[in-house]
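Chain by chain, the residues run as shown.
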Amino acid sequence: MQFFPKPSPYDNQRAAMDAIRDALDGGTNVLFEGACGTGKTLAALAPALSHAQAEDKTVVITTNVHQQMRQFVREAREIHATEPIRAVVFKGKGSMCHIDVDYEECQVLRDNTHELVDATRDKRQLEERQRALLDEAQDGDTEAADARQAVMDELEAVESELAALQDGNVCERYRQNLVGNTDEFYQWLYDDVRTPEDIYGYAEEAGFCGYELLKDGIEGVDLAVCNYHHLLDPGIRAQFFRWLGRDPEDVVVVFDEAHNIEDAARDHAAETLTEQTLDSALDELQDTSDQRAAAAERVLGAFRDALVETYEDALRPGGDGPADTKSAVESNWVDVPVANDDRRDDLTLAFLQSYTGPGITEDVTDALGLGEYLDGEYEDAYRNGDATTRRECHVLAAAEFVEAYVERGGEFGQYPTAAVRRDDRTEAVYGRAERYTCIPREVTTDLFDAVHASVLMSATLRPFDVIGDVLGLDDPVELAFGLQFPEDRRRTFAVDTEPLFSSNREDRATQQAVAGALRDAAAYTPGNCLFFFPSYAEAKRYHDLLADCDATRYLDEPGVAADDLREAFVADGDGALFTSLWGTLAEGVSFDGDDARTVAVVGVPYPHLDARTEAVQDAYAQAFADRDADQGLRSDRQDAGWRYAVEIPTVRKTRQAMGRVIRSPEDFGVRMLVDRRYTAASRTGMQKYSVNPTFPPSERAEMVDVDPEKLRFSLLNFYGDLGAYGGDPPAP
């Protein structure tokens, strides 16, 4: 309770805090599912900070949702107000740099500036020493005269070094960090919990580099707030822990919205190489006379030719690509599948066919060596002021990718693929190669094994055994707390419409039944309705079908910022917002109180099952089928892959959308699942198509099967009993 800033915790919150503290004391990971109102953040932070204080550790809390980052800051400030802690909120250099240079340039500027300041200090100290020795020599001390000469020789060398450094590139803001008085900054920093924006503003006015000040000042803090990137990328994680001054075993990690780790880990592990980078690498090789250039050109040129050949074959009429011809390719990357079941992928095979030389391994080794040499040359040129920017070495980047693609692309869990897009400026179509990691635990196991312990929390983590297996957690403590708000102030209806399989989405009778259910929801809800669909196209379809709806309709569209739309919808009071479940409004965004009363998920919003998703599904099938069979679950390998890779993540996403309403004990509302596959009857009537069993038991128990034609009466009774209409209820 030392780090709990509220008067008292909820019952479930206290139980969670006690269990988490016990687990952390034992160095055990925790899977913590808590519905809205559980107070998950404080339930994890208070025991984590208490344990960290007792054991001299640092707590790192992380999320990939901006709203949650702001929530962390608010709650850390509440803790600080009652129990002062040293807390920092960390963002990447790109969002905090005052002069807008990339990472490589920043490193060179930082090193140069440090050397310049050191040399200036050395020069000043040597000048003071030689003056003192001169006074002693003039007083007749012969040893002082000899010593002075040695100092003068050293001073001459330092002045020469300093002259060279002054011609190089430096960062004046970082120089001010090194020579200025930063005591006031650090006092200000820890007087409260400051955001990166706060730090940027302070440093901008004072002439400092806020990012470097923050890095230098976070050693041994009690709490660090960051995004997933700082923990899921192994290189960045190692640096981040060094800045914290902590070994991994001295760090307690709290992951919020932990149901997102699975996808985030895969994205962080992905490695790509574009055709443009290959072209730039080949151009670099034309500018060097190094004898290794021929070897590098053989291997990179062959890979570039193979990439182009592979995607052009796929884009020919009748090919396997995403479009019949190049003219259909648009500006977003679209996969060109190259993987094969019985042999290496098409890109690797085309590369082996295209390559001519003494040996790929030997040539890649030479390409890597040449790339490292050129990269060093570019850094020296920038450091010495011979270049105004730090040039990127494309040869090195391309050689590293080709080596990994050829050597590891055929390993279990790796999905090699290609992709194409159209350049908006030149209209040219170009490609890229990618090595994608299907199994998240290949990325996350090292993290969870290294740190002291972790708490993974979300409103939608269950089934725990699945998330534990997928992320590589060994025997974690499992905590689950359902919605604690009054049950009589909420209803969950499973509406028995025809299932929206892809085969019957165009069926007019099915569309009319679904549209009728949504029309009734809008008519009999005393307030706003929030409708989620499997895609933006389906959202638009039903937005148009409900043109006769009395409520004001709002359509969320892809590529359009939803902030203004959400504000207008919330202010309406009698609106219906149509959006995709895979858009930005399905999680991390609250619709409290009157913001939305009824939420509906229409259909089972399975993601688009492209070749990449199928690769993940196949990898999961191989990894987890035996485990499912041991537990008496469906033992078919494809069933296991579907369950782990598609069905469970989709139901988690659905549960997230349902959680957008009923956000406090005083709140009330209706959650609708519009598709027969959600109903309890589907467990026997539809068997393997039913998703009802995938919901946690406590949530299934609240689902009420409703015929579409009776939905209006169910809504009328629920909202009428609460006196929510503020007058006469609508007539059915």
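What counts, and where the lines are drawn
- Residues numbered from 1 in each chain as written.
- Predicted model: local features only at pLDDT ≥ 70, side-chain atom pairs only at ≥ 80, totals over all residues.
- Heavy atoms only, no water.
- Axes fitted to C-alpha atoms, helices over the stretch in contact; angles between N-to-C directions.
- Helix = DSSP H or I, 4+ residues; strand = E, 2+ residues; numbered from the N terminus.
- Parallel < 35°, antiparallel > 145°, perpendicular 65-115°, else oblique.
- Left-handed = near helix turned anticlockwise from the far one by under 90°.
- Contact = heavy atoms within 4.5 Å.
- Nonpolar A, V, L, I, M, F, W, Y, C, P; charged D, E, K, R; others polar.
- UniProt positions renumbered as here; feature names shortened; annotations may be inferred.
- Domains from an automatic or database assignment.
- Buried area = accessible area lost by both parts, 1.4 Å probe.
- Salt bridge = Lys/Arg side-chain N within 4 Å of Asp/Glu carboxyl O.
- Polar contact = N/O pair within 3.5 Å; in protein donor to acceptor, adjacent residues only side chain to side chain.
- Expected span 1.5 Å × (residues − 1).
- Buried < 20%, exposed > 50% of the residue type's maximum accessible area, 1.4 Å probe, protein only.
- Pairing = 2+ DSSP bridges.

1. Description of the packing of helix H2 (residues 40-55) against helix H3 (residues 66-82)
Contact pair H2 / H3: the axes reach a minimum separation of 11 Å and the direction vectors enclose 45 degrees. One element, H2, and the other, H3, form an angle in the oblique class. The two elements H2 and H3 meet at a crossing, and its hand is right-handed. Residues Thr41, Leu42, Leu45 and Leu49 of H2 form the contact with H3, whose own contacting residues are Phe72, Glu75 and Ile79. Looking at the contact of H2 with H3 residue by residue, the class counts come to 5 nonpolar, 1 polar and 1 charged.

2. Details of the UniProt feature "coiled-coil region" (unreviewed entry) in the protein
This chain's UniProt record puts "coiled-coil region" (unreviewed entry) on residues 109-168. A helix fraction of 92% and a strand fraction of 0% characterise residues 109-168, whose end C-alpha atoms lie 9 Å from each other.

3. What to know about the domain arrangement of the protein
When its domains are assigned, the protein resolves into domain 1 (11-98 + 182-263 + 443-479), domain 2 (103-178), domain 3 (271-438) and domain 4 (487-722). When each unit is reduced to the centre of its C-alpha atoms, the spacing between domain 3 and domain 4 is 42 Å. Listed as interface residues are 9 residues of domain 3 and, on the opposing side, 8 residues of domain 4. The junction of domain 3 with domain 4 conceals about 730 Å² of combined surface from both sides, 64% of it contributed by carbon and sulfur atoms. When the buried area of domain 3 at its contact with domain 4 is split by residue, Phe412, Tyr415 and Cys438 rank highest and sum to 63% of it. Between the two partners, domain 3 and domain 4, sit 2 salt bridges. A salt bridge links Glu434 to Arg612; its shortest N-O distance comes to 2.9 Å. Counting every contact that joins domain 3 to domain 4 gives 2 residue pairs in polar contact (both at pLDDT 80 or more). If you list the elements that add at least two residues to the side of domain 3 that touches domain 4, you get strand S7 (334-337), strand S8 (414-422) and strand S9 (429-437). In terms of residue class, the side of domain 3 that touches domain 4 is built from 5 nonpolar, 2 polar and 2 charged.

4. Quick notes on H2
Here H2 contains 16 residues, and its C-alpha end-to-end distance of 23 Å stays within 8% of the 22 Å for a straight helix at 1.5 Å per residue. The buried count for H2 comes to 13 of 16 residues, which makes it a mostly enclosed element.

5. Quick word on the pattern of salt bridges
Taken as a whole and assessed by the stated rule, the structure comprises 50 salt bridges. Notably, a salt bridge pairs Glu104 with Arg390, separated by 3.8 Å at the nearest N-O pair. One end of the pair, Glu104, is in helix H4 (residues 103-138); the other, Arg390, is in the loop between helix H16 (360-383) and helix H17 (394-408), with 286 residues separating them in the sequence. Judged by relative accessible area, Arg390 falls into the buried class, the value being 5%.

6. Focus on the sheet that holds S9
In space, the 4 strands of this open sheet follow the order S6-S9-S8-S7, with antiparallel pairing throughout. Sheet topology places strand S6 (271-274) and S7 at the edges, where each strand pairs with a single neighbour. Averaged over all pairs of adjacent strands, the angle between their axes in this sheet comes to 30 degrees, without regard to strand direction. As judged from the 9 bridges shared by S8 and S9, these two strands associate in the antiparallel manner. Residue Tyr415 lies in a different strand from S9, and its bridge partner there is Tyr436.

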